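# Topology and contacts: notes
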Amino acid sequence: MTQPATTYGPLEQVDEYCWRIPPTYRPGMRVPGLIFAHPSQIDKILADKSLEQVANVACLPGVQVASLAMPDIHLGYGFCIGGVCATDPHEGGVISPGGVGYDINCGVRLLRSNLRVDDVQPRLERLVSRLFGRIPTGAGQSGHYRFTYQELRQLMREGPAALIPRGWATQRDIDYTEARGCLADADPSAVSQRALERGTDQCGTLGGGNHFLEVQVVDQVFDEQAAAAMGLAQGMVCVMIHSGSRGLGYQVCQDALHQLRGVPERYGIVLPDRQLACAPVLSEEGRHYLGAMRAAANFAWCNRQLLMWQAREVFESVFEKPWSQLGLELVYDVAHNIAKPEDHQVEGHTKRVWVHRKGATRAFPPGHPELPPPYRPVGQPVLIPGDMGRASWVLVGQPGSMARTFGSTCHGAGRAMSRTEAVRRAQGRQIQQELSLRGIVARARGWRGLAEEQPEAYKDVDLVVEVVHQANLSKKVARMRPLGVIKG
Amino acid sequence: MYEFFEHTADIGLRVRAATLEELFAHAGRGLLALLVDEPDSVRSVQSLTIRLQSDSVEQLFYDWLNELLYIFETRRLLLGRFEVRLTGDLTSLEAQAWGEPLDPQRHRLGPEVKAATYHELMVQRRDDGWFAQAILDI
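What this report covers is the structure whose coordinates are included nearby. (Residues numbered from 1 in each chain as written. Chains lettered and ligands numbered in written order. Predicted model: local features only at pLDDT ≥ 70, side-chain atom pairs only at ≥ 80, totals over all residues. Heavy atoms only, no water.)

### Concerning the overall build of chain A
The number of helices and strands found in chain A is 16 helices and 20 strands. Compactness check: chain A gives a C-alpha radius of gyration of 21 Å against a globular reference of 23 Å for 488 residues, within 12% of the reference. Principal-axis analysis of the C-alpha atoms places the extent of chain A at approximately 65 × 55 × 50 Å. Per-residue burial over chain A gives 66% buried out of 488 residues. Residue pairs at least 24 apart in sequence account for 76% of intrachain contacts in chain A once pairs closer than 6 positions are excluded. As displayed, chain A has an accessible area near 16,400 Å², and 48% of this comes from carbon and sulfur atoms. (Helix = DSSP H or I, 4+ residues; strand = E, 2+ residues; numbered from the N terminus. Rg over C-alpha atoms; globule rule 2.2 N^0.38 Å. Buried < 20%, exposed > 50% of the residue type's maximum accessible area, 1.4 Å probe, protein only. Contact = heavy atoms within 4.5 Å. Areas by Shrake-Rupley, 256 points an atom, 1.4 Å probe, with all protein chains shown as cover.)

In structure tokens, the structure reads:
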């Protein structure tokens with residue numbers, strides 16, 4: 001179906017949900033920009049500088065095909081949130097910490113269960129209360145699990161598989177985690193002392209900001225086959241966990257940005273934005289960051305594993321049954337702030353490229369060999385944490401992602417309102433009460449946490465999901481409704 | 001003194017002071033106001049010396065904010081009063097800082113601050129004193 005060419009500022013409409021920034025838009029662009037968005041979002045995108053960030057990323061050495069943005073696009077550090085790009089090391093391709101984010105391997109995991117709403121509703125207050133009491137949230141909270149620096153290095157090298165002998169993970173947990181929870185070639189020695197100090201008591205803590213642990217119910221199933229493959233069904237109670245690499249990861253990013261000062265110039269790289277600090281993948285500096293980034297990513301998977309373990313234990317105490325009997329199995333775990341070496345088709349050839357996903361999720365299609373066997377017929381689960389008080393989604397990767405976005409899709413709803421504005425608007429409102437009126441039990445460290453994350457502060461996740469669904473990047477499987485949430 | 005400004009998913013801090021030393025002190029105070037709801041509730045019962053060396057005044061300002069975050073995160077120490085001395089070339093500082101350990105009974109924590117970033121980082125001498133700005137990733 002062809003659409004008449006329509007210009008929206010510098011954007012050319014490619015199809016109903018795809019918009020192109022021509023490479024002539026800015027000198028230095030090596031490839032076009034491609035933004036996946038609903039037409040109703042375009043005004044907002046033109047108004048903030050996220051479009052500029054997409055164009056800037058198109059200037060990076062070795063960038064392949066296009067600089068991409070998902071429909072949850074908003075302003076970020078160097079890369080926009082929702083930004084995706086792939087670089088080819090053999091064309092001087094670079095690795096950029098801004099294309100991963102401060103929270104390395106921020107991501108989401110989902111547990112299914114044998115519980116239904118009627119099982120949980122009578123005990124919901126107690127459940128949320130105990131989750132909140134047990135799981136450290138927000139700033140200044142130490143975790144219940146302590147690791148020596150040597151043990152931390154093992155976690156960074158091996159990921160949550162290292163937790164199996166300690167009884168805090170099962171092999172199945174590992175098998176149903178993206179990359180099996182371990183990026184190869186992690187280099188714990190590239191992680192600074194300061195990062196270790198920050199991480200030492202934070203493994204198994206939720207953190208603050210938009211991190212949360214949510215008890216949800218499957219509200220609507222859109223694809224029966226995919227839902228069945230994942231063990232999901234309408235009315236089923238699930239648990240969604242959104243967190244990342246904590247202070248360890250933030251420090252690794254900070255260290256890298258510090259170390260990369262002056263480095264692009266040394267390699268003759270001219271950057272349109274200093275925040276796109278980068279180094280060639282095949283360079284000392286590039287290798288150093290990649291070693292540290294993978295170590296932090298593996299730590300993040302350990303963090304989400306321990307968060308899940310604590311949640312399982314709380315469910316055990318509330319429902320007085322072993323978690324395995326409650327069916328609290330891991331559906332999947334996805335990263336949405338990461339860079340990975342992946343094989344993709346570029347102009348008819350298979351190339352190993354470094355895919356940066358900054359607020360974007362991998363979405364491998366049916367048949368992809370990396371998927372656990374039960375998911376190969378249906379595609380990789382994609383977990384989209386919605387905003388507090390509204391929906392979250394489970395999708396599956398579709399062939400369109402491999403064709404158009406280096407195997408990527410959106411990650412969540414994206415902020416529409418700044419945090420200070422959100423707090424201003426919330427003053428005088430009782431967020432907790434408002435959520436309660438909707439039947440949602442929420443516990444946070446302070447009202448500011450709730451106010452900053454109020455549903456109105458986020459774009460409409462349903463719209464974002466609709467766009468990726470229509471663009472064939474990932475297909476709707478189930479929509480989840482929150483019952484209870486804990487956050488920092 | 002200091003104020004916060006909007007920046008989509010993060011928070012911006014702007015600081016103004018007559019002298020550079022006061023600028024750093026106010027910035028520390030501003031950071032505290034982000035970390036806890038009532039910065040005035042932080043008592044000066046403990047002190048420590050902070051020494052930093054950088055290669056520019058902007059980098060020093062960035063290191064200062066990140067150092068205070070690091071101290072809070074790893075030692076749970078809230079710092080609210082500062083006496084800052086800078087070297088002549090404005091690339092090093094030595095500061096006395098006062099505060100107290102985090103007390104969940106009295107201190108209500110604000111957002112988790114990941115880092116002070118290089119984004120829109122600025123330290124400027126102006127006609128009426130000094131101005132600095134940093135975006136904090138939260």
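This is not the end of the story, as more comes after the structure.
### Let's talk about the pattern of salt bridges
This structure, assessed with the given rule, holds 37 salt bridges over all chains. R172(A) is the salt-bridge partner of E329(A), the closest N and O atoms lying 3.8 Å from each other. Taken together, the residues span a long stretch of sequence, with E329(A) in the loop between α11 (284-319) and β12 (330-335) and R172(A) in helix α6 (residues 171-175) at a distance of 157 residues. With a relative accessible area of 21%, E329(A) lands in the partly exposed category. Measuring nitrogen to oxygen at the nearest pair gives 2.6 Å for the salt bridge that ties R246(A) to E112(B). Placement of R246(A) in helix α9 (residues 246-259) and of E112(B) in the loop between β5 (92-101) and β6 (115-116) is noted, with the two residues assigned to different chains. As far as the burial class goes, R246(A) and E112(B) line up, both buried. Each of R43(B), E100(B), D103(B) and R106(B) takes part in salt bridges that share partners, so that together they form one network. (Salt bridge = Lys/Arg side-chain N within 4 Å of Asp/Glu carboxyl O.)

### Description of the side chain of T405(A)
All names here are of chain A. Tracing the backbone through its elements, the reader meets T405 in the loop between α12 (399-404) and β18 (408-409). Exposure remark for T405: the relative accessible area of 0% places this residue in the buried category. For T405, the residues in contact, after removing those within four places along its chain, are F36, L68, M70, V84, G400 and L473.

### Overview of the pairing of strand β16 (residues 381-384) of chain A
Residue and element names in this part refer to chain A. Going residue by residue along β16, you find P381 and L383 tucked away on one face and V382 and I384 tucked away on the opposite face as well. Of the pairings in the sheet, the one linking β16 to strand β17 (residues 392-397) comprises 4 bridges and is antiparallel in character. For I384, the partnering residue across the bridge sits in β17 and is W393. (Pairing = 2+ DSSP bridges.)

### Brief notes about the side chain of S67(A)
All names here are of chain A. Looking at where S67 falls in the secondary structure, it is placed in strand β5 (residues 67-74). The exposure class of S67 is buried, given its relative accessible area of 1%. Residues contacting S67, with those up to four places away along its chain left out, are V31, P32, G33, L34, V54, V57, A58 and V84.

### Points about helix α4 (residues 124-134) of chain A
All names here are of chain A. Taken together, the buried positions of α4 are L124, L127, V128, L131 and F132. Around the axis of α4, the buried residues are gathered within 130° of arc, so they sit on the same side. The exposed set on the far side of α4, more than 90 degrees from its buried face, consists of E125 and G133. Buried-residue contacts for α4 involve α3 (117-120), β9 (212-221), α11, β19 (441-444) and β20 (474-487). (Arc of directions from axis to C-beta.)

### Focus on helix α2 (residues 57-75) of chain B
Residue and element names in this part refer to chain B. Here α2 contains 19 residues, and its C-alpha end-to-end distance of 26 Å stays within 8% of the 27 Å for a straight helix at 1.5 Å per residue. Of all 19 residues in α2, 16 are buried; the element is thus mostly enclosed. Backbone geometry just downstream of α2 places R76 in the positive-phi region, at approximately 55°. (Expected span 1.5 Å × (residues − 1).)

### Brief notes about the interface of chain B and chain A
Counting residues at the interface gives 35 residues for chain B and 36 residues for chain A. In total, chain B and chain A occlude about 3,200 Å² of area from one another, counting both sides; carbon and sulfur atoms represent 48% of this. Our count for the contact surface shared by chain B and chain A stands at 5 salt bridges. For the pair chain B and chain A, the number of links is 18 residue pairs in polar contact (both at pLDDT 80 or more). (Buried area = accessible area lost by both parts, 1.4 Å probe. Polar contact = N/O pair within 3.5 Å; in protein donor to acceptor, adjacent residues only side chain to side chain.)

### So, the packing of aromatic side chains
Per the stated rule, a full pass over the model turns up 14 aromatic pairs over all chains. An angle of 85° between the planes, with centres 4.8 Å apart, marks the rings of Y8(A) and W19(A) as edge-to-face. Of the two residues, Y8(A) sits in strand β1 (residues 7-8) while W19(A) sits in strand β3 (residues 18-21), which places them 11 residues apart along the sequence. A relative accessible area of 29% places Y8(A) in the partly exposed class. With centroids separated by 4.0 Å and ring planes inclined at 5°, the aromatic side chains of Y62(B) and Y118(B) adopt a geometry described as stacked. With Y62(B) in helix α2 and Y118(B) in the loop between β6 and β7 (122-126), the pair connects residues that are 56 residues apart, well separated along the chain. Considered together, Y62(B) and Y118(B) belong to a single accessibility category, that of buried residues. (Phe/Tyr/Trp six-rings, centres within 6.5 Å; stacked < 30°, edge-to-face > 60°.)

### Topic: the state of the cysteines
Residues and elements named next belong to chain A. Enumeration according to the criterion identifies 0 disulfides over all chains in this entry. No disulfide involves C85; its sulfur sits 9.7 Å from that of C278, the nearest cysteine. Summary of cysteine pairing: C302 is not part of a disulfide, and the nearest cysteine sulfur, belonging to C203, is at 5.3 Å. Of the residues examined, C302 reaches a relative accessible area of 0% and is grouped as buried. (Disulfide = S-S within 2.5 Å.)

### Concerning the packing of α9(A) against α11(A)
Residues and elements named next belong to chain A. Close contact between α9 and α11 brings their axes to 9 Å; oriented N to C, the two are set at 165°. With respect to their mutual orientation, α9 and α11 come out roughly antiparallel. Remark: the crossing between α9 and α11 carries left-handed chirality. Where α9 abuts α11, its residues R246, L248, G249, V252, A256 and Q259 lie against H288, Y289, A292, M293, A296, F299 and N303. Each residue belonging to the contact of α9 with α11 can be placed in one class, and the counts come to 8 nonpolar, 4 polar and 1 charged. (Axes fitted to C-alpha atoms, helices over the stretch in contact; angles between N-to-C directions. Parallel < 35°, antiparallel > 145°, perpendicular 65-115°, else oblique. Left-handed = near helix turned anticlockwise from the far one by under 90°. Nonpolar A, V, L, I, M, F, W, Y, C, P; charged D, E, K, R; others polar.)

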